[in-house]
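Residues per chain are reported as follows:
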Amino acid sequence: MSKQIQIFDTTLRDGEQAPGSKLSPGEKLEIALELDLLGVDVIELGFPCSSPDDFEVFKLVGNHVKRPTICALSRAVESDIRLAGEALKSVTNGRIHTGIGTSPSHIKYKFNSNEDKIIDRAVAAVKYAKTFTEDVEFYAEDAGRSDNIFLARILEKVIEAGATVLNIPDTTGYCLPWQYGEKIKFLRENVKGIHKATISAHCHNDLGLATANTIAGIENGAGQVECTINGVGERAGNTSLEEVAMIIKQHEMGFHCNIKHHKLTSISHLVSDRLRVPVQPNKAIVGKNAFAHSSGIHQDGMIKNRMTYEIIDPSEVGAGESKIILTARSGRAAIGYAAKSLGYKLSPQELDALYKRFIPIADKERNVSYDRLKGMINNMN
Ligand code: KIV
Ligand code: ZN
């Protein structure tokens with residue numbers, strides 16, 4: 001039977017941590033409403049102790065978004081957790097996401113501490129968070145570079161304290177997919193009581209491996225994935241939600257999720273606009289060129305059958321139709337196709353003449369618009 005993967009969206013928290021990406025409470029509400037319609041299971045809405053806006057936004061969103069779990073981030077610090085708990089009073093299903101760094105460098109340099117003291121702080125944080133809500137997620141920050149034996153020890157203790165979700169972040173995007181997968185497998189096999197909790201994959205993209213690592217996490221037992229629309233986030237960003245959702249859909253791996261795929265393009269545009277972060281044109285699934293074809297060989301194949309060069313039908317992700325872009329690399333097949341779509345039925349001789357006129361113009365201009373081609377056809381006679 002196919003296993004449902006929970007989609008935890010952190011666009012409004014980790015995504016908003018990208019430089020220059022501050023959202024107003026109104027903009028957060030607008031995006032949260034769309035995330036609800038998209039079908040995400042959890043919306044991480046913010047870090048209530050970080051600013052009054054990030055506290056107040058829970059009330060605003062709580063009044064309008066009832067289905068998904070709404071999550072508040074905190075450090076393993078009592079005052080943070082108290083504010084997160086208070087912020088969640090106005091939501092229907094609330095989760096506190098608390099945690100602490102577990103890698104040698106975090107323990108030594110960030111906390112000037114030792115493993116036993118870190119475990120004590122983690123347990124105290126989870127216990128305190130449980131006084132506000134049943135649903136408590138623990139993150140072991142920099143788990144990607146943490147010792148697996150220590151991770152197993154701390155996770156066992158936080159499960160005893162009541163953590164229901166265990167987040168294993170590759171905070172610095174360091175792991176290779178097989179390493180991240182083995183880490184999840186090791187924890188699944190060695191942490192006492194792990195069956196009582198959901199393992200969550202949270203990967204960063206510093207080496208361009210966030211999506212691959214997240215998939216390795218799922219294959220090895222993660223039941224939740226943490227991601228952002230367009231992969232926005234600190235430095236090189238987070239795992240991109242649209243990539244994970246489409247990988248789960250396109251490959252039969254025994255998993256499914258509740259994402260409404262046809263909404264992926266519109267929410268990508270909304271998030272890009274409100275965060276003022278453009279999407280790179282060649283971005284998988286939602287980039288402007290993700291379904292655009294400009295070389296003659298590919299265009300010829302596409303015109304014969306879309307499946308020659310596309311593994312996803314763009315309409316499935318709400319991106320309309322595949323595009324045949326006219327450039328100096330286009331061949332007669334693409335020019336004929338474009339002319340036909342403009343309503344012209346050209347004879348082979350006419351097509352040949354048009355192609356000869358087209359190429360020198362295309363060599364000067366990057367793309368030739370369909371309107372321009374129309375003008376060229378009209379001027380032929
Ligand atoms: O990357 C990370 O470790 C995080 C945690 C705060 C969950 O975003
Ligand atoms: Zn993160």
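Residues numbered from 1 in each chain as written. Chains lettered and ligands numbered in written order. Predicted model: local features only at pLDDT ≥ 70, side-chain atom pairs only at ≥ 80, totals over all residues. Heavy atoms only, no water.

Trainee: Help me understand the site of ligand 1 in this model?
Mentor: In the vicinity of ligand 1, the contacting residues are R13, D14, H97, Y139, E141, N167, P169, T171, H202 and H204. One of the side-chain N or O atoms of D14 is found 3.0 Å from an oxygen atom in ligand 1. Contact with the protein chains covers 92% of the free accessible surface of ligand 1, which is 260 Å². Among the elements of the structure, β6 (136–141) and β7 (165–170) are those that each provide at least two residues to the shell around ligand 1. The residue makeup of the shell around ligand 1, split by class, is 2 nonpolar, 5 polar and 3 charged. (Near = heavy atom within 4 Å. Polar contact = N/O pair within 3.5 Å; in protein donor to acceptor, adjacent residues only side chain to side chain. Areas by Shrake-Rupley, 256 points an atom, 1.4 Å probe, with all protein chains shown as cover. Helix = DSSP H or I, 4+ residues; strand = E, 2+ residues; numbered from the N terminus. Nonpolar A, V, L, I, M, F, W, Y, C, P; charged D, E, K, R; others polar.)

Trainee: Explain the sheet that holds strand β4 (residues 69–75) to me, please; I cannot follow it from the model alone.
Mentor: The strands making up a sheet are joined through hydrogen bonds of the backbone, oriented either antiparallel or parallel. Judged by pairing direction, the barrel is parallel, and its 8 strands sit side by side in the order β2-β3-β4-β5-β6-β7-β8-β9 before closing back on the first. Each neighbouring strand pair of the sheet contributes to a mean axis angle of 25°, computed without reference to strand direction. Alignment of β7 against strand β8 (residues 198–203), held across 6 bridges, turns out to be parallel. Bridge assignment links V165 to a residue of β8, and that residue is T198. The strands that helix α5 (residues 115–130) touches are β5 (94–101) and β6; relative to β5, the one it contacts most, it runs at about 170°. (Pairing = 2+ DSSP bridges. Axes fitted to C-alpha atoms, helices over the stretch in contact; angles between N-to-C directions. Contact = heavy atoms within 4.5 Å.)

Trainee: How do you make sense of the domain arrangement of the protein chain when you look at a structure like this?
Mentor: How big an interface is tends to be stated in terms of the accessible area lost upon association of its parts. For the protein chain, the assigned domains read domain 1 (3–275) and domain 2 (292–380). A straight line from the C-alpha centre of domain 1 to that of domain 2 covers 44 Å. Domain 1 puts 7 residues into the contact, and the matching count from domain 2 is 7 residues. Here domain 1 meets domain 2 over a buried area of about 540 Å², counting both sides, of which 50% is carbon and sulfur. If you sort the residues of domain 1 by the area they bury against domain 2, M246, Q250 and T265 come out on top, with a joint share of 64%. The interface formed by domain 1 and domain 2 holds 1 salt bridge in total. With a closest N to O distance of 2.5 Å, K249 and E316 form a salt bridge. Our count for the contact surface shared by domain 1 and domain 2 stands at 4 residue pairs in polar contact (both at pLDDT 80 or more). Secondary-structure elements contributing two or more residues to the side of domain 1 that touches domain 2 are α9 (241–250) and α10 (264–275). (Domains from an automatic or database assignment. Buried area = accessible area lost by both parts, 1.4 Å probe. Salt bridge = Lys/Arg side-chain N within 4 Å of Asp/Glu carboxyl O.)

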